[in-house]
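Here are the chains, one letter per residue:
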Amino acid sequence: MKTKWIFLFAFLLPVAAYGAKPVSGVVMDDKGELLIGANVYWAGTGTGVATDIDGAFSLPTVSSTNRLVTSYMGYHNDTTEVHGGEQVTIVLVSDLVLDEVTITERKMAVLRSRTAAFDTQTLTGDELCKAACCNLSESFETSASVDVAYADAATGAKQIRLLGLSGTYVQLLTENTPNVRGLAQSFGMEYIPGAWMEAIQVSKGTSSVINGYEAIAGQINVEFLKPQKQDPIAVNLYLNTELMAEINATGGWDINDKVSTGILLNAKDMELEMDHNHDGFTDLPRNRNLNLLNRWYIKSGDYTGQVLVRALYDQRLGGTLSSLQFDNLQSDGNTQLSNSQLSNSQMAYPIDLRTRRIDGFVKNGYVFDQATGMSVGVIAAASYHSQTNRYGSRLWDANQTNAYLNAIFQTSFEDPSIDPFDNHEHKLSAGISVNYDRYDEQYEGIFAGSQEQGTKNQDFLSNEVTSGMFAEYTYSYKDKVTLLVGLREDYSTRYGFFTTPRMNLRYAPFEWWTLRGSVGLGYRSPNAVADNAAYLPSYRNYTMEKSLKQERSLNTGITTTFYIPIGKRELTLSAEYYYTRFLDGMIADIDRDLHRVYLYNLSDVAGAQSFSHNYQIEANMEILRGWTMTAAFRYTDVKQSTFLPTGELVLMDKALQNRFKGVITTSYQTPLKTWQFDLTAQFNGPGRMPMGFTIPEGSKQYYTAPSPSVGGVGGGPVVSIYHKWYPQLLGQITKYWRTCSLYLGAENMTNFTQDSPIRGVSMAHTESGKTVTLSDDFDASMVWAPISGWKIYLGFRWNLEREE
């Protein structure tokens, strides 16, 4: 209850009021070309917007400063003194024109729009450069909103959580096109290199119906580098103490005044077997990855077109160390590995994961009327994902073919005779979409059969076509009110008709205070294995008695943001609460039996529930020139119905879910941007371990406590094992020159690691050497903390500046 009162206090925090008209205008370069996506923000604050397709912006004034900063890749920052109600034209000058020692305002690394209806944060390139950020999964180390952790202790797969829900419930887009979904969930975020990203937008709660119906916890959109803005050549080299080497090479060129093209290349190699905890398993698999993207951009008058194609190959080899002997102690009907299979293996328990993928899109847009913004856009995307995965004797061979089409019409409609001062704005977006998915999967040794069979092999072929139509209306009154209402009606060949209503409201009664609220439904089609791939490196058998139904959820949330002037700077203080309840969904029950994963629908079990409450408070400020700091704390209460080993249904804390997370991030950049120092501290809360888990011998990382529950023996609380909270520290030092930079950093500087992250494995010394033993409790999925300690990395960036 104390926690809830703290958040209620943050929502109602009173401060002095100010009021003024917004500042609006356009941003262009010194040749008169409008700049799309330029960052415009008030100096010393996190309040800003990005320019739209016409290079235009509108930004409410703040009381703490009248200095407006504009930044854009390849151009020097511009700082302009403006006043409320002013119309300004901002001209940015290329980096090649100004002298290297020009002192400029520091770019804000995280931007939060004051005027958008959605609760959205934009992580700019400056935020991504605060840490190693080798790929998308590592881009949220400095964020309290998004959790990133290993999905298991054997494959190196990483998963994110938003609002207490796993990444499967977050719609992941690239260039506003659905991308990381289906079979790509396990490693899809690692297939998006950090050096390719221009920015990341994170939206919590319900998002726009234009992009589909799948966003349940929220939406993450990645913007790649743009050919028309990229430097001709840019290189990023990376090496860490685990001898993982990575190279990124990018480049963008103008073919003529209408056509540009860009290439993004990423290659990664890690060949060293490492076993820091001496359990006989590699901490991370050996990994080879090649990723290539080519993009074309066409701009001719009112027409804009884009073509993007990407291809990748990824191989991961892990499991038991190749130098060890093996002894299998399984004795029951769940046996996964036979002696004949083991003798034919190069490794005792091999993990061999190979992925081939090609994807791309074509975008066409035409503006009919610049004044009203009347335009039409068509997005056509396709992907083919093929993987061959081996976990011991388990095989999972799968292919997914996806095709996606989205046609959008947009316009605004206003009557100057009724509204001569342009106080009211009305916008309408409408269109149709079609999504096609074909899964062809083969399983061996994964699904449970009869007691005599142990496991059974299955072939799974699924086709789903979902077509629908949508409309979204946006009403704005000055900069005080924004109302966005969206509605979708879709038809699935698997699940029939379903409706997706969503609403977002922003209200700013004063310049210093903004309120947002959202409510809506979300849907997704579950995949039994892809959604629960973390349990594959284990001796758990998958058990599914009925076909899985479509997942449906209700999400609602409210956020409040205060902009508090302190001297000439501004403190941004925000608080939020989100509630998600599944109306129907897939439950992966790992409490019922240590040797199985039971998959079932909420609607198939009387009284079953699944929901989450998420509270967060965050403060950020530029304390002194060049020195910024962010502090945030999030409390998450996730409950899910599960069966006890006795067969009783109880509502308990969801297993392996942290109760809280705290983050303190500070960054200092010298006035001439010659040095930058970044430091982040994380405080990760405790979480419940699955029923039947036993504390490793001698470990002090766990404690027992009653788990708040409904049901159970006598209707009282169920005693469970919890892991304790733990801290993490990461930092980086960057030295800048005109066209290059050198960065040195470290991760997990507290050197905290989980004791015995893989259950049911032991290693002993025998006369013939070291022998690793797997018992019938073998399970690599019970990971909740880092499995390796200190990691130091060194990187180098160089770019050839773009000529204008």
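Reading the values: the criteria
- Residues numbered from 1 in each chain as written.
- Predicted model: local features only at pLDDT ≥ 70, side-chain atom pairs only at ≥ 80, totals over all residues.
- Heavy atoms only, no water.
- Helix = DSSP H or I, 4+ residues; strand = E, 2+ residues; numbered from the N terminus.
- Buried < 20%, exposed > 50% of the residue type's maximum accessible area, 1.4 Å probe, protein only.
- Contact = heavy atoms within 4.5 Å.
- Areas by Shrake-Rupley, 256 points an atom, 1.4 Å probe, with all protein chains shown as cover.
- Pairing = 2+ DSSP bridges.
- Core = buried A, V, L, I, M, F, W, Y, C linked by side-chain atoms within 4.5 Å.
- Phe/Tyr/Trp six-rings, centres within 6.5 Å; stacked < 30°, edge-to-face > 60°.
- Lys, Arg positive; Asp, Glu negative; His and termini not counted.
- Salt bridge = Lys/Arg side-chain N within 4 Å of Asp/Glu carboxyl O.
- Polar contact = N/O pair within 3.5 Å; in protein donor to acceptor, adjacent residues only side chain to side chain.
- Axes fitted to C-alpha atoms, helices over the stretch in contact; angles between N-to-C directions.
- Patch = residues over 30% accessible without salt bridge, like charges linked within 9 Å, V, L, I, M, F, W, Y side chains within 5 Å.

*Asks:* An account of the overall build of the protein is needed here, citing residue identities and associated values.
*Replies:* Secondary structure summary: the protein contains three helices and 49 strands in total. Counting all 804 residues of the protein, 59% fall into the buried class. Sequence-distant contacts in the protein: of pairs separated by 6 or more residues, those separated by 24 or more amount to 68%. Of the roughly 32,000 Å² of accessible surface on the protein, a fraction of 59% belongs to carbon and sulfur atoms.

*Asks:* I'd like a rundown of the sheet that holds strand β42 (residues 702-707), residues and numbers included.
*Replies:* Across the sheet, which stays open at both edges, the three strands sit in the order β41-β44-β42 with antiparallel pairing between neighbours. Edge positions in the open sheet fall to β41 (687-688) and β42, since each of these has one partner strand only. The sheet contact formed by β42 and strand β44 (residues 718-723) spans six bridges and is antiparallel. What sits directly across from Pro706, in β44, is Val719.

*Asks:* A description of the nonpolar core should follow, citing residues and the corresponding values.
*Replies:* One broad trend across soluble globular proteins is that nonpolar side chains are buried collectively. In terms of nonpolar packing, the biggest core is built from 53 residues, with Tyr349, Trp396, Leu536, Met689 and Trp784 touching the most fellow members. Looking at this core, the elements with two or more residues in it are β23 (350-369), β25 (394-412), β26 (424-448), β34 (586-589), β35 (596-601) and β48 (769-779). Broken down by element, this core gets its largest block of residues, four residues, from β26. Core analysis: the second largest hydrophobic core is formed by 42 residues, Leu162, Trp196, Met197 and Ile379 among them.

*Asks:* So, the packing of aromatic side chains: which residues are in play, and what are the values?
*Replies:* Under the definition given, this model contains 32 aromatic pairs. Between the aromatic rings of Phe498 and Tyr523, the centroid separation amounts to 4.7 Å while the plane-to-plane angle is 45°, which identifies the pairing as tilted. Here Phe498, found in strand β29 (residues 496-510), pairs with Tyr523, found in strand β30 (residues 513-524); they are 25 residues apart in sequence, far enough to count as distant. In this structure Phe498 comes out as buried when scored by relative accessible area, which is 6%. Here Tyr523 falls in the buried class, since its relative accessible area comes to 6%. Ring geometry for Tyr577 and Tyr615: centres 5.0 Å apart, planes at 35°, overall tilted.

*Asks:* Report on the side chain of Asp283, specifying residues and quantitative values.
*Replies:* Relative to the elements of secondary structure, Asp283 occurs in the loop between β19 (259-270) and β20 (286-300). Buried and unpaired, Asp283 has no salt bridge, with Lys791 as the nearest side chain of opposite charge at 11 Å. Looking at Asp283, its side chain comes within polar contact range of the main-chain nitrogen of His276, at 2.7 Å.

*Asks:* Report on the sheet that holds strand β1 (residues 23-29), specifying residues and quantitative values.
*Replies:* Reading across the sheet, the three strands line up as β4-β1-β7 and stay open at both edges, with mixed pairing between neighbours. Only two strands of the sheet have a single neighbouring strand rather than two, namely β4 (56-59) and β7 (87-92). Going across the sheet, the axis of each strand differs from the next one's by a mean of 30°, ignoring polarity.

*Asks:* Any details on the environment of Thr168? Residues and values, ideally.
*Replies:* Secondary-structure assignment places Thr168 in the loop between β12 (165-166) and β13 (170-174). The exposure class of Thr168 is buried, given its relative accessible area of 16%. Taking the C-alpha atoms as reference, Thr168 lies 9.5 Å from Ser186; in sequence the two are 18 residues apart. When near neighbours in sequence (up to four residues on either side) are disregarded, Thr168 contacts Gln185, Arg524 and Asp531. Looking at Thr168, its side chain comes within polar contact range of the side chain of Ser166, at 2.9 Å.

*Asks:* Outline the pattern of salt bridges, supporting the account with residue identities and numerical values.
*Replies:* Inspection of the entire model under this criterion finds 33 salt bridges. Arg738 serves as the salt-bridge partner of Glu801, at 3.4 Å between the closest nitrogen and oxygen. Here the residue Glu801 occupies a position in the segment after β49 (791-800), and Arg738 occupies one in the loop between β45 (726-736) and β46 (740-747), the gap between them amounting to 63 residues. On the basis of relative accessible area, Glu801 is assigned to the buried category, the value being 15%. Given the relative accessible area of 34%, Arg738 is considered partly exposed.

*Asks:* Describe the side chain of Arg295, and please don't skip the residues or the numbers.
*Replies:* Within the element layout of this structure, Arg295 appears in strand β20. A distance of 2.4 Å separates polar atoms of two side chains, one belonging to Arg295 and the other to Gln306.

*Asks:* For the pairing of strand β16 (residues 218-224), give the residues involved together with the corresponding values.
*Replies:* In terms of residue burial, β16 counts as a mostly covered element, since seven of its seven residues are buried. Residues Gly218, Ile220, Val222 and Phe224 point to one face of β16 and Gln219, Asn221 and Glu223 to the other, with burial holding for every one of them. Pairing geometry for strand β15 (residues 197-204) and β16, over seven bridges, is antiparallel. Bridge pairing links Ile200 to Val222 in β16.

*Asks:* Describe unusual backbone geometry, naming the residues involved and giving the relevant values.
*Replies:* The backbone of Asn176 sits at a positive phi, close to 60°, despite the residue not being glycine. Mapping Asn176 onto the fold places it in the loop between β13 and β14 (177-180). A residue is classified by how much of its surface remains accessible, and Asn176, at 33% relative accessible area, is partly exposed. If you check the backbone angles, Lys478 has positive phi at about 50° while not being a glycine. Note that Lys478 resides in the loop between β27 (455-477) and β28 (481-492). Judged by relative accessible area, which is 44%, Lys478 ranks as partly exposed.

*Asks:* So, the environment of Ile564: which residues are in play, and what are the values?
*Replies:* Note on placement: Ile564 falls in strand β32 (residues 551-566). A relative accessible area of 16% means that Ile564 is categorised as buried. Between the C-alpha atom of Ile564 and that of Ser63, which follows or precedes it by 501 residues, the distance is 8.6 Å.

*Asks:* Now, about a nonpolar patch on the surface: what can you tell me, with residues and values included?
*Replies:* A contiguous nonpolar patch, built from Ile233, Leu237, Ile247, Trp737, Leu742, Leu744, Trp790, Ile792, Leu794, Phe796, Trp798 and Leu800 and spanning about 1,000 Å² of accessible area, is present on the exposed surface. Taken together, the elements giving at least two residues each to the nonpolar patch come down to β17 (233-240), β46 and β49. In terms of residue count, the dominant contributor to the nonpolar patch is β49 (five residues).

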